[in-house]
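Spelled out from the first residue to the last, the chains are:
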Amino acid sequence: MEENSYSQKLLAETLGTAVLVFIGVGSVPATLIVGGNAPFTMAQLGMISLAFATAVIAMVYAIGHISGCQINPAITLALAATKKMPWRDVPGYIAAQVAGATLGSLAIVGVLGKKAVDVGLGIAAYGSGVGAGQAFFAEAVGTFILAFVVFGAIDRRAAGGFAGLAIGLAVFAIILPVAPATSASINPARTLGPMITGQLFGGTVHWDQLPVYLVAEIVGAIAAGLLYTALNAHRAVAASPVETHAVESATAEGALS
């Protein structure tokens, strides 16, 4: 069976995460720039959610067969924790994802200019009146749902060809209730990349909130992976006497032929 090289996988993860951030995160400042001083509405949130979803769907089908299109360090860690990928590959994947998220954020500034930074650059931050505990819970729940869908969609028994659609729609749905609390990052690379770029261009960055995002997202993803694995643990089913006799007869016939 042919497989891409590790360097090809890392390049794919970098590109995939960059596209996710450029389109998904970039839709936030684009919406605010176009809307001007008009109040932010649920319709606008829906368009931002759709931008994230379509970026995920596109990348799953574009690079899923190369690197798995994880484009999320929390998903990478959850896959490693459940033995679906080797731990030795994790540092490279995470570095590629964070680099991609940073490049995607820089591309937003390159396309939309300093205005993108002035309106926040889509940097994840707590909503008004939201504390660390509520933010942690929101990010953990959102990332848990995303990771659980990922594990189900990539299961070899799942319907073929629909992983991208299932994961993308999950992202769309998760953002709607979680975004008002935390901007619905549900991805450590998506959290960190815009923060780095925002800092470089003099934007407002709440670095004190970063640990809450990172820990919540990682905990949520790993918990989902472990739960999905537990739900799919198989037990041996004892064969009936008739089945046992049939197997023994076939074995005997095979030995004699």
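Everything quoted here is computed from the prediction, not taken from an experiment.

Here the focus is a nonpolar patch on the surface. Residues Tyr61, Phe162, Leu165 and Leu169 make up a contiguous nonpolar surface patch of about 410 Å² in total accessible area. Assignment of secondary structure puts phenylalanine 162 in the loop between helix 7 (132-153) and helix 8 (163-182).

Note that serine 27 resides in helix 2 (residues 27-35). We classify serine 27 as buried; its relative accessible area is 11%. Side-chain polar atoms of serine 27 contact the backbone oxygen of glycine 24, separated by 2.5 Å. In this structure, serine 27 is in contact with Phe22, Ile48 and Ala51, ignoring residues within four places of it in sequence.

In this section: the pattern of salt bridges. Counted under the stated rule, the structure contains three salt bridges. The residue aspartate 118 makes a salt bridge to lysine 114 at a minimum N-O spacing of 3.2 Å. Residue aspartate 118 and its partner lysine 114 are located together in helix 6 (residues 114-118), separated by four residues, close to a single helical turn. Owing to a relative accessible area of 56%, aspartate 118 belongs among the exposed residues under this scheme.

In this section: the packing of aromatic side chains. Remark: the centre distance and the inter-plane angle together describe each pair of aromatic rings, the angle taken between the planes. Evaluated as defined, the whole model comprises five aromatic pairs. Here the aromatic rings of phenylalanine 151 and tyrosine 228 are separated by 6.2 Å at their centres, their planes lie at 45°, and the arrangement is tilted. Of this pair, phenylalanine 151 sits in helix 7 while tyrosine 228 is found in helix 10 (residues 210-231), placing the two residues 77 residues apart along the sequence. Judged by its relative accessible area of 13%, tyrosine 228 falls in the buried class.

Two numbers describe a pair of packed helices, the interaxial angle and the distance between the axes. Taken N-terminus to C-terminus, the directions of helix 1 (residues 6-25) and helix 3 (residues 42-67) make an angle of 170°; their axes are 8 Å apart at the nearest point. With respect to their mutual orientation, helix 1 and helix 3 come out roughly antiparallel. Where helix 1 approaches helix 3, its residues Gln8, Lys9, Ala12, Glu13, Gly16, Val19, Leu20, Ile23, Gly24 and Val25 are matched on the opposing element by Ile48, Ala51, Phe52, Ala55, Val56, Met59, Ile63, Ile66 and Ser67. Counted by class, the contact of helix 1 with helix 3 contains 13 nonpolar, four polar and two charged residues.

So, about the nonpolar core. Grouped together as the largest cluster of nonpolar side chains are 63 residues, with contacts concentrated most on Phe52, Leu146 and Ile175. It is helix 8 that contributes the most residues to this core, nine residues altogether. With residues near it in sequence (within four places) discarded, isoleucine 175 still touches Leu45, Ser49, Phe52, Pro180 and Ala184.

Time to look at the packing of helix 3 against helix 8. Close contact between helix 3 and helix 8 brings their axes to 8 Å; oriented N to C, the two are set at 150°. On the basis of their axis angle, the class for helix 3 and helix 8 is roughly antiparallel. Crossing of helix 3 against helix 8: the hand is right-handed. Across from Met42, Leu45, Gly46, Ser49, Leu50, Phe52, Ala53, Val56, Ile57, Val60 and Tyr61 in helix 3, the residues of helix 8 making contact are Ala163, Gly164, Leu165, Ile167, Gly168, Val171, Phe172, Ile175, Leu176, Ala179 and Pro180.

Conventions and cut-offs
Residues numbered from 1 in each chain as written. Predicted model: local features only at pLDDT ≥ 70, side-chain atom pairs only at ≥ 80, totals over all residues. Heavy atoms only, no water. Patch = residues over 30% accessible without salt bridge, like charges linked within 9 Å, V, L, I, M, F, W, Y side chains within 5 Å. Areas by Shrake-Rupley, 256 points an atom, 1.4 Å probe, with all protein chains shown as cover. Salt bridge = Lys/Arg side-chain N within 4 Å of Asp/Glu carboxyl O. Helix = DSSP H or I, 4+ residues; strand = E, 2+ residues; numbered from the N terminus. Buried < 20%, exposed > 50% of the residue type's maximum accessible area, 1.4 Å probe, protein only. Polar contact = N/O pair within 3.5 Å; in protein donor to acceptor, adjacent residues only side chain to side chain. Contact = heavy atoms within 4.5 Å. Phe/Tyr/Trp six-rings, centres within 6.5 Å; stacked < 30°, edge-to-face > 60°. Axes fitted to C-alpha atoms, helices over the stretch in contact; angles between N-to-C directions. Parallel < 35°, antiparallel > 145°, perpendicular 65-115°, else oblique. Nonpolar A, V, L, I, M, F, W, Y, C, P; charged D, E, K, R; others polar. Core = buried A, V, L, I, M, F, W, Y, C linked by side-chain atoms within 4.5 Å. Left-handed = near helix turned anticlockwise from the far one by under 90°.

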